[in-house]
Each structure stands twice: as C-alpha cells, then as structure tokens.
Amino acid sequence: MRMLAPTALAGWMLSVFRQPLGSLWGSLASLLCWLKAAFWWPAAEKGQQQVPRGLEESQEAEEEVCTIPTSVNYHFTRQCNYKCGFCFHTAKTSFVLPLEEAKRGLLLLKEAGMEKINFSGGEPFLQDRGEYLGKLVKFCKAELGLPSVSIVSNGSLIRERWFRDYGEYLDILAVSCDSFDEQVNVLIGRGQGKKNHVESLQKLHKWCKEYKVAFKINSVINRFNVEEDMREHIQALNPVRWKVFQCLLIEGENCGEDALREAERFVISDEEFEEFLERHKEVSCLVPESNQKMKDSYLILDEYMRFLNCRNGRKDPSKSILDVGVEQAIKFSGFDEKMFLKRGGKYVWSKKAMKLDW
Ligand code: SF4
C-alpha cells in the first residue's frame with residue numbers, strides 16, 4: 001500500500017484538475033479516505049500503535065466522514081396504492097421534492113461516491129404516472145453515468161409505454177411479490193381489485209425481457225405466507241435475484257402509538273424464517289435477509305433527502321443532504337457498512353456486466 005502511494009496520489013491530483021469546481025469537495029473527501037487507508041489502517045491492523053483515548057475518538061469521527069454512499073435507496077414518495085399490513089415505509093407525508101431539487105441531491109450523492117441508486121417508496125410509479133421516476137432514472141444513467149439504476153415497485157401501475165421511454169436507462173426492476181396465491185395477497189393488503197398481482201408479475205417479467213431490464217423479485221416473509229412453497233413459481237420466473245426479507249417492525253411506521261400500521265400480527269420468529277429458507281434452499285437466486293441483516297445495512301434517504309437511522313428500532317432522520325451536504329448528513333445515517341458487505345449488498349448490479357441472455 002505504501003509503495004503505491006506516490007503513484008496513487010499523482011493520479012488523484014490529475015483527476016482533480018480535470019474536474020469542474022463543484023466536484024472538488026467530493027474529491028477532497030475521497031483524498032481524506034485515501035490518506036487514511038494508506039497511512040493509518042496498516043499500522044492499526046498490525047497493532048503496532050497504541051492509540052491514545054482522545055485520538056481514538058477523533059478517529060471514530062473520521063471513520064464517519066469516510067462513509068461512502070456507494071449504494072443508496074431513495075424513497076422519494078411515501079404514497080402508495082396498496083395497503084400492506086406490515087409496510088415499514090408508510091404514507092406519513094405526501095411530500096415529493098421538485099424534480100430539479102431531487103436531481104441536485106442525486107448529483108451531490110454521485111460526487112460523494114454513489115455507484116448505485118435504487119428508487120423506492122411508497123409506490124414510485126404513482127407520482128405523475130411514472131414520469132417523475134422515469135426522468136430521474138434517465139438522469140442517473142444518461143447524465144450522471146451511474147453503473148446501476150434500479151427500482152423497487154409493487155408493479156401494479158407500470159405500463160409498457162414506460163419501458164419504451166425509459167427501459168434502456170434502467171438496470172434492475174424489483175417487483176414485490178409475497179405470495180403466488182391471490183387470496184394471500186389480498187390478506188396481506190396487496191389486493192388490486194379486479195387485477196391479479198401474480199398476473200401483473202408475469203407481464204412485467206415479459207416486458208423486462210423485451211426491453212432488456214434485469215428482473216428481480218422481493219418477498220416479505222410473514223405470518224400469512226411463511227408456510228408457502230414458492231419454488232416452482234420462482235424458478236419459472238427465473239429472476240436475477242430473489243430477495244427474501246423477514247417481516248420487520250419499525251416503531252412509528254408499523255408499530256407503536258403514532259404508526260399507521262399494526263404489523264405485530266405479521267411477525268414471524270427467526271426459526272420460522274429459517275424453516276422458510278430451508279424449504280427454498282435449492283433456489284439459487286435466493287438472497288435471504290433476516291431482521292438482523294436488514295436493519296442497519298441500507299442507506300435510506302426519505303422524501304426530503306434525509307438519511308433515516310434505524311439503530312434504535314425507528315427511523316430517525318438526519319438533516320437533508322440538500323441543506324448540509326452528504327458528508328455531514330451521512331454521519332447520522334446509522335449505516336453499518338460491514339453488515340452491508342456481509343449481506344452481499346455489493347454485487348454485479350449493472351445490466352451490462354450481468355451478461356444476461358435476453
Ligand atoms: S406496496 Fe410497499 S410501499 Fe406500498 S403499502 Fe405495500 S409495502 Fe408499503
């Protein structure tokens with residue numbers, strides 16, 4: 001590491017001179033991280049140096065400064081057309097940032113090191129019939145050049161026209177599906193009146209193939225679907241990833257006095273979750289996420305572009321990155337980078353690199 005230092009430093013300086021002024025802060029933050037990696041970590045790892053108490057604390061602060069928002073989940077709206085009983089990001093406000101402000105925040109994140117953005121909600125296709133989302137997706141891919149742009153949606157409002165207009169800019173579409181039994185979906189709150197959630201899922205799978213978007217499925221395992229065997233259906237749909245979450249309680253969202261949901265009746269034990277995983281272990285695309293893995297391993301931005309800290313079992317907001325910048329706001333995110341890596345948060349996430357057989 002030390003032998004490479006002069007070359008790497010020269011490279012950094014060259015890259016700074018090529019950048020516009022607005023990017024300089026991001027570069028300076030990267031330099032601080034680089035200096036720490038080059039001159040501090042090796043000694044600390046080998047235990048060559050006893051760190052005095054005061055210094056240790058200042059280094060903890062420095063550690064926070066160096067959190068890079070590699071993968072960010074931007075929940076730009078809390079509004080949704082579904083009423084899932086366990087929802088842990090509920091419609092507490094109807095606020096959505098003006099498009100240009102949202103773009104400004106995304107640029108700040110890119111300058112701070114963001115590589116992947118995931119748009120989520122609420123239901124992200126609800127705002128302006130998907131146009132708001134489409135414009136952000138296009139901005140992130142075509143203008144910011146992010147390696148990965150993805151969406152999590154309940155899938156009920158997506159039209160083929162959206163794929164025609166914006167599909168080329170999208171790497172991954174993750175669709176929520178908790179059951180292949182429509183009655184269970186209705187019980188959970190994913191009912192669509194006359195429309196059938198599973199039929200929507202199949203239609204989206206087809207469009208993803210046609211418009212070259214990687215297709216992913218997210219399932220929340222809860223009291224109503226924990227006994228289900230989904231192997232056949234998942235294997236037939238063959239998603240690039242099947243994220244399987246254990247139903248999670250978050251105070252103020254789906255439990256507690258001021259919450260809009262009472263999700264206690266949906267909760268399952270760790271053992272029940274393990275049994276579900278065991279039953280589906282032959283499904284190779286399955287990525288499990290227990291409550292423990294999930295809670296602090298996501299960088300979550302709310303509708304005001306505030307990081308939400310889940311360390312205390314609720315979502316405590318930081319200041320907005322639009323007001324104080326990413327570096328300041330991220331210190332209050334509660335993000336557990338080690339758990340993020342441990343749960344496989346960093347994976348092949350650009351559709352180009354996936355080399356899919358469309
Ligand atoms: S679809 Fe998602 S955002 Fe909407 S109610 Fe269900 S869990 Fe919440």
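Above this note sits the structure.
Rules of the game
Residues numbered from 1 in each chain as written. Predicted model: local features only at pLDDT ≥ 70, side-chain atom pairs only at ≥ 80, totals over all residues. Heavy atoms only, no water. Helix = DSSP H or I, 4+ residues; strand = E, 2+ residues; numbered from the N terminus. Buried < 20%, exposed > 50% of the residue type's maximum accessible area, 1.4 Å probe, protein only. Contact = heavy atoms within 4.5 Å. Areas by Shrake-Rupley, 256 points an atom, 1.4 Å probe, with all protein chains shown as cover. Near = heavy atom within 4 Å. Nonpolar A, V, L, I, M, F, W, Y, C, P; charged D, E, K, R; others polar. Phe/Tyr/Trp six-rings, centres within 6.5 Å; stacked < 30°, edge-to-face > 60°. Pairing = 2+ DSSP bridges. Right-handed = clockwise from strand over helix to strand, strands pointing away. Patch = residues over 30% accessible without salt bridge, like charges linked within 9 Å, V, L, I, M, F, W, Y side chains within 5 Å. Salt bridge = Lys/Arg side-chain N within 4 Å of Asp/Glu carboxyl O. Lys, Arg positive; Asp, Glu negative; His and termini not counted. Charge placed at Lys NZ, Arg CZ, Asp CG, Glu CD. Expected span 1.5 Å × (residues − 1). Arc of directions from axis to C-beta. Core = buried A, V, L, I, M, F, W, Y, C linked by side-chain atoms within 4.5 Å.

The subject of this paragraph is the overall build of the protein. Tallying secondary structure elements over the protein gives 15 helices and 10 strands in all. In the protein, which comprises 358 residues, the share counted as buried stands at 50%. Counted over contacts in the protein with a minimum sequence separation of 6, partners at least 24 positions apart contribute 73%. Looking at the protein as shown, the accessible area adds up to about 17,900 Å², and 53% of this sits on carbon and sulfur atoms.

To continue, consider the site of the ligand. Around the ligand, the neighbouring residues are Cys80, Tyr82, Cys84, Cys87, Gly122, Asn154, Arg190 and Arg261. Among the residues forming the shell around the ligand, the class breakdown is four nonpolar, two polar and two charged.

A separate point is the packing of aromatic side chains. Within this structure, the stated rule accounts for 15 aromatic pairs. A centroid spacing of 6.2 Å and a plane angle of 85° characterise the contact between Trp162 and Phe163, whose relative ring orientation is edge-to-face. Residue Trp162 shares its accessibility class with Phe163, and that shared class is buried. Ring-pair connections join several aromatic residues into one group, and the members of that group are Phe125, Trp162, Phe163, Tyr166, Trp207 and Tyr211.

Among the six residues of strand S6 (residues 241-246), six are classified as buried, and the element is accordingly described as predominantly covered. Across the two faces of S6 the burial is the same, with Arg241, Lys243 and Phe245 and Trp242, Val244 and Gln246 all buried. Examined bridge by bridge, strand S5 (residues 214-221) and S6 share six bridges and lie parallel to one another. Bridge pairing in S6 links Ser219 to Val244. The parallel pair S5 and S6 is bridged by helix H10 (residues 231-237), and the resulting crossover is right-handed. In terms of strand pairing, S6 meets strand S7 (residues 286-289) through four bridges, oriented parallel. Across the sheet, residue Phe245 finds its bridge partner in S7, namely Glu289. Once the chain exits S6 it traverses helix H11 (residues 270-279) before rejoining the sheet at S7, and the crossover so formed is right-handed.

On the surface, a cluster of positive charge is contributed by Arg129, Arg159, Lys195 and Lys203. Examined against the element boundaries, Lys203 turns out to sit in helix H9 (residues 197-210). What makes Lys203 partly exposed here is its relative accessible area of 37%.

Attention shifts here to helix H5 (residues 99-111). The terminal C-alpha atoms of H5, which comprises 13 residues, lie 19 Å apart, in line with the 18 Å expected from a rise of 1.5 Å per residue. When H5 is considered as a whole, its buried residues turn out to be Ala102, Lys103, Gly105, Leu106 and Leu109. Taken around the axis of H5, the buried residues stretch over an arc of 160°, which confines them to a single face. Packing partners of the buried residues in H5 comprise strand S1 (71-75), strand S2 (116-120), helix H6 (131-143), strand S8 (299-301), strand S9 (306-309) and helix H13 (321-330). Directly after H5, the chain includes Gly113, whose backbone phi takes a positive value near 115°.

This part takes up the nonpolar core. Buried together is how nonpolar side chains tend to be arranged in soluble globular proteins. Residues Tyr74, Leu106, Ile117, Phe119, Leu173 and Trp242 are the most contacted members of the largest nonpolar core, which totals 65 residues. Looking at which element gives the most residues to this core, the answer is H6, with six residues. In contact with Phe119, not counting residues within four places along its chain, are Tyr74, Phe76, Leu106, Pro124, Leu133, Leu136, Val137, Cys140, Val149, Ser150, Ile151 and Val152. Tyr82, Ile250, Phe266 and Cys310 belong to the second largest nonpolar core, which has 17 residues in total.

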